[in-house]
Amino acid sequence: MIALLRMSAGLIGWAIAFCLLYALHGIGCASGWATTPVMGASLHRVVLLAAWIGSVAATLALALRWREPGPTLTDRAAAVLAWVGCAATVAGGLPILLVPDCL
């Protein structure tokens, strides 16, 4: 059971990050965060960037934890899938930088 959890941890991290960003985007648009200026940007963008950076840091820490795959197939799969989850988290947050707030 632990091997299955280790193998899916990277993708679970991505899924949590995706849900967090999706929820914060909806809450921010509904609450008017896009019109509140903070540090030269909108509160909406600052909150989303902070959540995205935190999520990338968490999935990267997980990937670095298993950067040296062990001798078994499950160890190698855990390492690869942790990096896949990290890359998916990075790619999933790119629209924060590229798309305007609350279209």
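Definitions and limits used
Residue positions are given per chain, counted from 1 along the sequence in the order it is written. Given that this is a predicted model, residues contribute local features only at a pLDDT of at least 70 and side-chain atom pairs are listed and counted only at 80 or more, while totals for whole chains, interfaces and linings are drawn from all residues. Where side-chain values are given, they derive from all heavy atoms of the structure, hydrogens and water being excluded. By definition, disulfides here are pairs of cysteine sulfur atoms that lie within 2.5 Å. Every helix listed is a DSSP run of H or I at least four residues long, and every strand listed is a run of E at least two residues long, numbered separately from the N terminus. By this rule, a helix spans an expected 1.5 Å times one less than how many residues it contains. Here's how the labels work: a residue is buried when its accessible area is under 20% of the maximum for its type, exposed when over 50%, partly exposed in between, all with a 1.4 Å probe on protein chains only. Any two residues having at least one pair of non-hydrogen atoms within 4.5 Å are treated as being in contact. The axes used here are C-alpha line fits, helices contributing only the stretch in contact, and every angle between their N-to-C directions lies in the interval 0 to 180 degrees. Angle categories are assigned with fixed cut-offs, so that under 35 degrees is roughly parallel, over 145 is roughly antiparallel, 65 to 115 is roughly perpendicular, and the rest are oblique. Helix crossings get a hand from a simple test, with the near helix turned counterclockwise from the far one by less than a right angle marking a left-handed crossing and a clockwise turn marking a right-handed one. All residues other than Ala, Val, Leu, Ile, Met, Phe, Trp, Tyr, Cys, Pro, Asp, Glu, Lys and Arg, Gly among them, are scored as polar; the first ten of these are nonpolar and the last four charged.

S.K.: Sorry if this is basic, but what is going on with the state of the cysteines here?
M.R.: Such a bond, covalent and formed between the sulfur atoms of two cysteines, is termed a disulfide. Applying the stated rule across the entire model yields 1 disulfide. Sulfur-sulfur distance for the disulfide between Cys 29 and Cys 102 comes to 2.0 Å. What sets the handedness of the Cys 29 and Cys 102 disulfide is the S-S torsion sign, and at about -100 degrees it is left-handed. Of the two residues, Cys 29 sits in helix H1 (residues 2-31) while Cys 102 sits in the segment after helix H3 (73-98), which places them 73 residues apart along the sequence. Of all cysteine sulfurs in the structure, the one in Cys 19 sits closest to Cys 86, which takes part in no disulfide; the separation is 17 Å.

S.K.: Where do I start with H3 in this structure?
M.R.: Compared with the 38 Å implied by 1.5 Å per residue over 26 residues, the 38 Å span of H3 between its first and last C-alpha is a close match. Every buried residue of H3 is listed here: Asp 75, Ala 78, Ala 79, Ala 82, Gly 85, Cys 86, Thr 89, Gly 93 and Ile 96. Buried residues along H3 sit in contact with H1 and helix H2 (43-65).

S.K.: What is the right way to look at the packing of H2 against H3 in this model?
M.R.: With their axes 8 Å apart at the nearest point, H2 and H3 run at an angle of 170 degrees to one another. By the angle between their axes, H2 is roughly antiparallel relative to H3. The way H2 lies across H3 gives a crossing that is left-handed. On H3, the residues touching Arg 45, Leu 48, Leu 49, Trp 52, Ser 55, Val 56, Thr 59, Leu 60, Leu 62, Ala 63 and Leu 64 of H2 are Ala 82, Trp 83, Gly 85, Cys 86, Thr 89, Val 90, Gly 93, Leu 94, Ile 96 and Leu 97. Taken together, the residues that form the contact of H2 with H3 break down as 15 nonpolar, 5 polar and 1 charged.

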